[in-house]
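Structural description and commentary
So the chains spell out like this:
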Amino acid sequence: MIHTHQKSGRYLIHSLYFDDYKDTSAYTTELGVSRRFKWRIRYYGSDLSYIVLEKKEKLESRCHKKSCKLSIEEYNKIISGEVADLIFETDKKLLKQFAVDI
């Protein structure tokens, strides 16, 4: 995904989306279900000093997004499948919720 940036005019957005084994998030989005949510991790360009975990929720026509910054260590635990460890290692409510949902 390419977006505009003030200096160069462009920058990359890296997004990693999470779903369950039934692809519920993808299907509810495709079907236009009025109440749904999705988890994603994003970072911009090649800068891994700012990685964000986001939960995007939709209810009818209203959208709400919650986010928290991830450390590179937290990101690596998620990517390597060590998500359960984060439940006990973090004070970030959103990250705990993600770890439980995963």
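Since the model is a prediction, treat every value here as computed from it, not as a measurement. (Residues numbered from 1 in each chain as written. Predicted model: local features only at pLDDT ≥ 70, side-chain atom pairs only at ≥ 80, totals over all residues. Heavy atoms only, no water.)

Description of the overall build of the chain
Let me state the cut-off plainly: Runs of H or I in DSSP of at least four residues are treated as helices and runs of E of at least two as strands, each being numbered from the N terminus. Whether a residue is buried, partly exposed or exposed follows from its accessible area with a 1.4 Å probe, protein chains only, as a fraction of its type maximum: under 20%, in between, or over 50%, in that order. Here, residues are in contact when the closest pair of their heavy atoms is within 4.5 Å. All accessible-area figures derive from a Shrake-Rupley calculation using a 1.4 Å probe, and residue coverage is judged against the displayed protein chains alone. When charges are counted, neither His nor the chain ends are considered; positive counts come from Lys and Arg and negative counts from Asp and Glu. Where a charge sits is defined by one atom per residue type, namely NZ (Lys), CZ (Arg), CG (Asp) or CD (Glu).
Check the secondary structure of the chain and you find four helices and five strands. In terms of its C-alpha atoms, the chain occupies a principal-axis envelope of roughly 40 × 35 × 20 Å. Residues classed as buried in the chain amount to 27% of the 102 residues present. Here the contacts in the chain between residues at least 6 apart in sequence split such that 33% fall between residues at least 24 apart. As displayed, the chain offers around 7300 Å² of accessible surface, 52% of which is attributable to carbon and sulfur atoms. Computed over 19 positive and 15 negative side-chain charges, the inter-centroid distance for the chain is 8 Å.

Remarks on the confidence of the model for the chain
Rules: As a per-residue measure, pLDDT reflects the predictor's confidence and takes values from 0 up to 100.
Predicted confidence across the chain gives a mean pLDDT of 89, with 91% of residues reaching 70 or more. Confidence, read as mean pLDDT per element, is least for strand E1 (residues 2–3) in the chain (45) and greatest for helix H2 (residues 72–79) (96). Between residues 1–5, whose pLDDT stays under 50, and residues either more than four places distant or in other chains, the model counts 16 contacts.

Overview of the pattern of salt bridges
The criterion, for reference: By definition, a salt bridge exists where a carboxyl oxygen of Asp or Glu is found within 4 Å of a side-chain nitrogen of Lys or Arg.
Counted by the stated rule, this structure contains seven salt bridges. Among the ionic pairs, Glu54 bridges to Arg40, the shortest N-O distance being 2.4 Å. On the criterion of sequence distance, the pair formed by Glu54 in strand E4 (residues 51–59) and Arg40 in strand E3 (residues 35–44) is long-range, its members being 14 residues apart. Classification of Glu54 by relative accessible area gives buried; the value is 6%. In this structure, the salt-bridge partner of Lys77 is Glu89, at a minimum N-O distance of 3.1 Å. One end of the pair, Lys77, is in helix H2; the other, Glu89, is in helix H3 (residues 83–89), and twelve residues separate them in sequence. What emerges from the salt-bridge pattern is a single network uniting Arg40, Glu54 and Lys65.

Brief notes about the packing of aromatic side chains
Stated formally: Pairing of aromatic rings covers Phe, Tyr and the six-membered ring of Trp, with a centre-to-centre limit of 6.5 Å; geometry is then stacked below 30 degrees between planes, edge-to-face above 60, and tilted otherwise. The criterion for a charge sitting over a ring is simple: Lys NZ or Arg CZ within 6 Å of the ring centre, and within 35 degrees of the ring normal.
Within the structure shown, the criterion is met by three aromatic pairs. Summarising the aromatic geometry, the rings of Trp39 and Phe98 are spaced 5.1 Å apart at their centres and angled 70° between planes, so their arrangement reads as edge-to-face. Here Trp39, found in strand E3, pairs with Phe98, found in helix H4 (residues 93–101); they are 59 residues apart in sequence, far enough to count as distant. Among the residues examined, Phe98 registers a relative accessible area of 0% and is labelled buried. An aromatic cluster is defined as three or more aromatic residues linked by ring pairs; in this entry it consists of Phe18, Trp39 and Phe98. The positively charged end of Lys55 is found above the aromatic ring belonging to Phe37, 4.6 Å away from the centroid.

Remarks on H4
Which entries qualify depends on this criterion: This arc corresponds to the set of directions leading from the helix axis out to the C-beta atoms.
Taken residue by residue, H4 has Leu94, Leu95, Phe98 and Ala99 as its buried positions. Down the axis, H4 shows its buried residues gathered within 140° of arc, on one side only. Facing away from the buried side of H4 by over 90 degrees, the exposed positions are Lys93 and Val100. Against strand E2 (11–18), E3, E4, strand E5 (62–70), H2 and H3 lie the buried residues of H4.

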